[in-house]
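Notes for the structure review
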Amino acid sequence: MADPLTQRYDVAVVGSGAGGGTLAWALARHGRKVLLIEQGDHLPAEPDNATDAGVFGNKYCTREPMDICGRRHDFPVHAYVGGQTKLYGAALYRFREADFGTLQFPDGVSPAWPLGYGELEPWYCEAEKLYRVHGAAHDDPTEPPRSCDFPFPAVEHEPVVARLVQRLRRQGLHVSAIPKAIDLHSTGNCRLCTTCDAYACPTHGKLDTEVACIRPALATGNLTLLTGARCQRLLTSGDGRRVTGMELDYRGQTRSVEADIHVAACGVVHSPALLLRSASAAHPDGLANSSGLVGRYLCGHNASFFFLPGLKPVPALHQKTFAVHDFYLGDRGFPYPMGVLQAAGRMPVWQHVDGWQKPVAEFIGRRSLMCFIMSEIWPDPDNRVRLAADGAVQVDFRPNNVRAFRRLRSRFMSIFRRAGYPAVLSSRHPGIGIPWHPVGTLRFGTDPATSVLDTWCRAHDVDNLYVVDSCFLPSAGAVNTSLTVMAQALRVGDRIHRQLEAR
Ligand SMILES: Cc1cc2nc3c(=O)[nH]c(=O)nc-3n(C[C@H](O)[C@H](O)[C@H](O)COP(=O)(O)OP(=O)(O)OC[C@H]3O[C@@H](n4cnc5c(N)ncnc54)[C@H](O)[C@@H]3O)c2cc1C
């Protein structure tokens, strides 16, 4: 086979997750010659994925030294073809219309986006089709207008979940279906098992980016996938206006590759780190960093689990089917966005508990239905990714909007008690470290002084450099973020294809 690194490509994309993998599909389907570079490898679909390969198992997980909130950690890295979507819960939500405008919080502001919901809406439809989303638009007071139906009907609740849903509805709450990207039909691969969220699917029945995009893109013959290749830096022309190539660490050798267009899609931590590592005489503070904003405005979601224990063990069922959005934009006496409640897959969080508490946590966990709440963390410039003196990635992060988060938590504590779950367990702390569904470290916008990328995710400072992953989002809303990344990747892919065609 010819050496893939001696060829020239239309587009070279580094990172094969929600953003990079979807973009690769969007270009390959139009006949563009694409190279997709991924540091990890394929994650096999094996029966023991449901116990070992995921956030709660160490199989296939590597470690990387990282400074997080001032302390050095051996941070677990789940680097696979398909990125973090291999482990995601496949809840694919559109952002709510209000998320595109300015949102005022008790202690800060989430800014308006440079484009409205209407601009992304057709691409949300495309992304839902590509990822085979099962959903229903009714019963969600925040569901934005749609020009297409969900491609597939919502997943039905298991009886034990349906009973809880009934009790919530009796209190006047709107309980909606979680839109799920799964292959659920008579000949589909989805077995509706309990370990969808946080685990790799043992049957390829979850529509992660590898299954939905990368495999079909490879089948076109237009995509070359390079695994085990880590991009060290982007090389630029003397005047700094163009990326001329990517320097890769590939099978122990330093290699380079060239393309007309270069795309960083390494995720919210590693895309800014790559740009910072790519500093040059023309970009002394890091590539595309004339604004000084590369790595800043890391935001995402505060989150806390709820355990709703019963007397008997809960059977291993697919529980992640319902959500409550009634408090998305506030509550009586609290006129600020609060967030959402979502059912969780049955995650063995007891594996992260030490000492005598572990068996107690497991006993309760196995008898509980699990849910979580999420509330928005607004973008703060001091929450950021940068490089430590030895080149390791450093993340500085302090949660905000904690008042709204606690208010949402206590609201649901009372709701669950009224629903007949007296011993509801949940943490008061939103968590530290990297937030849930992190976004925002290379925000897009129209003004090069206040954003890194333009509204097509092209760097303001570099003509042929794009960043197409979670970094572009200026805020995180309070719903899961991946569908917005996928929709934007399809929108940007269409634009890059048309530009290359016009040439
Ligand atoms: C347990 C869990 C559950 C989740 N559930 C949901 C959910 O239900 N719904 C939802 O919307 N989101 C969910 N998410 C979040 C979602 O998976 C991420 O937001 C999304 O995958 C981010 O996409 P991305 O393209 O920005 O980056 P990623 O998916 O992280 O992909 C980045 C890729 O780049 C590669 N890479 C990084 N640096 C380099 C380099 N230098 N060279 C080569 N390759 C590199 C990485 O290995 C990785 O494959 C979940 C996440 C987790 C962990």
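No experiment lies behind these values; they were computed from the predicted model shown. (Residues numbered from 1 in each chain as written. Predicted model: local features only at pLDDT ≥ 70, side-chain atom pairs only at ≥ 80, totals over all residues. Heavy atoms only, no water.)

Quick notes on the site of the ligand
The immediate surroundings of the ligand are formed by 34 residues, with Gly19, Glu38, Gly89, Ala91 and Ser470 found nearest. Ala18 is positioned such that a nitrogen or oxygen atom in its backbone is 3.3 Å from an oxygen atom of the ligand. Within the contact set of the ligand, an oxygen atom lies 2.7 Å away from a side-chain nitrogen or oxygen of Glu38. Isolated, the ligand exposes 1,000 Å² of accessible area, and the fraction of that covered by the protein chains is 91%. Residue assignment for the shell around the ligand shows that the elements contributing at least two residues are helix H1 (18–28), strand E11 (229–236) and helix H5 (267–277). Looking at which element gives the most residues to the shell around the ligand, the answer is E11, with 3 residues. When its residues are assigned to classes, the shell around the ligand shows 14 nonpolar, 16 polar and 4 charged. (Near = heavy atom within 4 Å. Polar contact = N/O pair within 3.5 Å; in protein donor to acceptor, adjacent residues only side chain to side chain. Areas by Shrake-Rupley, 256 points an atom, 1.4 Å probe, with all protein chains shown as cover. Helix = DSSP H or I, 4+ residues; strand = E, 2+ residues; numbered from the N terminus. Nonpolar A, V, L, I, M, F, W, Y, C, P; charged D, E, K, R; others polar.)

What about a positive patch on the surface?
The grouping of Arg163, Arg167, Arg170 and Lys312 at the surface amounts to a positive patch. Assignment of secondary structure puts Arg163 in helix H3 (residues 159–170). (Patch = residues over 30% accessible without salt bridge, like charges linked within 9 Å, V, L, I, M, F, W, Y side chains within 5 Å. Salt bridge = Lys/Arg side-chain N within 4 Å of Asp/Glu carboxyl O. Lys, Arg positive; Asp, Glu negative; His and termini not counted. Charge placed at Lys NZ, Arg CZ, Asp CG, Glu CD.)

Comments concerning the pattern of salt bridges
One pass over the structure, following the stated rule, counts 28 salt bridges. Arg132 serves as the salt-bridge partner of Asp183, at 2.8 Å between the closest nitrogen and oxygen. Placement of Asp183 in the loop between strand E9 (180–181) and helix H4 (209–219) and of Arg132 in the loop between helix H2 (117–130) and strand E7 (133–134) is noted, with a sequence separation of 51 residues between them. Relative accessible area serves as the criterion here: at 10%, Asp183 is assigned to the buried category. Assessed through its relative accessible area of 33%, Arg132 is described here as partly exposed. Across the salt bridge formed by Asp396 and Arg386, the nearest N and O atoms sit 2.8 Å from each other. Residue Asp396 is located in strand E19 (residues 393–396), and its partner Arg386 is located in strand E18 (residues 384–387); the two are separated by 10 residues in the primary sequence. Owing to a relative accessible area of 15%, Asp396 belongs among the buried residues under this scheme. (Buried < 20%, exposed > 50% of the residue type's maximum accessible area, 1.4 Å probe, protein only.)

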